[in-house]
Amino acid sequence: GAAFFVLFTVALCLPFDSFSSFPLFQPFDALGSTPDGVKPEWYFNFVYYPLELLPIWVVMLGQTLAVGVLLVAPWLFRTTGRRALRVLALVAAIYLIVITVFGNAVYVAFKGVQP
């Protein structure tokens, strides 16, 4: 009971963000960049680095087009040959591999600073 009372008292008396290195109550800026020190896991690099490098309208247009292509893919690629489909799959795989493995290097090459 005593340990719970001490923990309860500490939780009531200390400010909410006293153990956090990031300010939690700053207003959110949806168009701002990611705060310093926050980086995604490696498997989100293919989403993270385009958002950091490109204007938001380019990313949103690309996402809209990608979803549209996925929705009409059965009709769009019905008469497409295997060779063309292999090339499309290869281009997608190269993008995913390069941006996942070398995303930070690509970001530094374009922006000149660490994210």
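This text goes with the structure placed above it.
What counts and how
- Residues numbered from 1 in each chain as written.
- Predicted model: local features only at pLDDT ≥ 70, side-chain atom pairs only at ≥ 80, totals over all residues.
- Heavy atoms only, no water.
- Helix = DSSP H or I, 4+ residues; strand = E, 2+ residues; numbered from the N terminus.
- Rg over C-alpha atoms; globule rule 2.2 N^0.38 Å.
- Axes fitted to C-alpha atoms, helices over the stretch in contact; angles between N-to-C directions.
- Parallel < 35°, antiparallel > 145°, perpendicular 65-115°, else oblique.
- Left-handed = near helix turned anticlockwise from the far one by under 90°.
- Contact = heavy atoms within 4.5 Å.

Caption draft 1: Region of the structure containing the overall build of the protein chain. The secondary structure content of the protein chain amounts to 4 helices and 0 strands. Starting at the N terminus and ending at the C terminus, the protein chain contains elements arranged as α-α-α-α. Its C-alpha atoms give the protein chain a radius of gyration of 22 Å, more than 25% over the compact-globule value 13 Å for 115 residues. With the C-alpha coordinates of the protein chain rotated into their principal frame, the extents come out at 75 × 35 × 25 Å.

Caption draft 2: Geometry of the packing of helix 2 (residues 45–53) against helix 4 (residues 82–111). Packing of helix 2 against helix 4 brings their axes to within 8 Å, and their N-to-C directions diverge by 25°. Compared by their axis directions, helix 2 and helix 4 come out roughly parallel. Viewed along their axes, helix 2 and helix 4 form a crossing whose handedness is left-handed. Taken together, the residues of helix 4 that come into contact with helix 2 (itself represented by Asn45, Phe46, Tyr49, Pro50, Glu52 and Leu53) are Tyr95, Leu96, Ile99, Thr100, Gly103, Asn104, Val106, Tyr107, Phe110 and Lys111.

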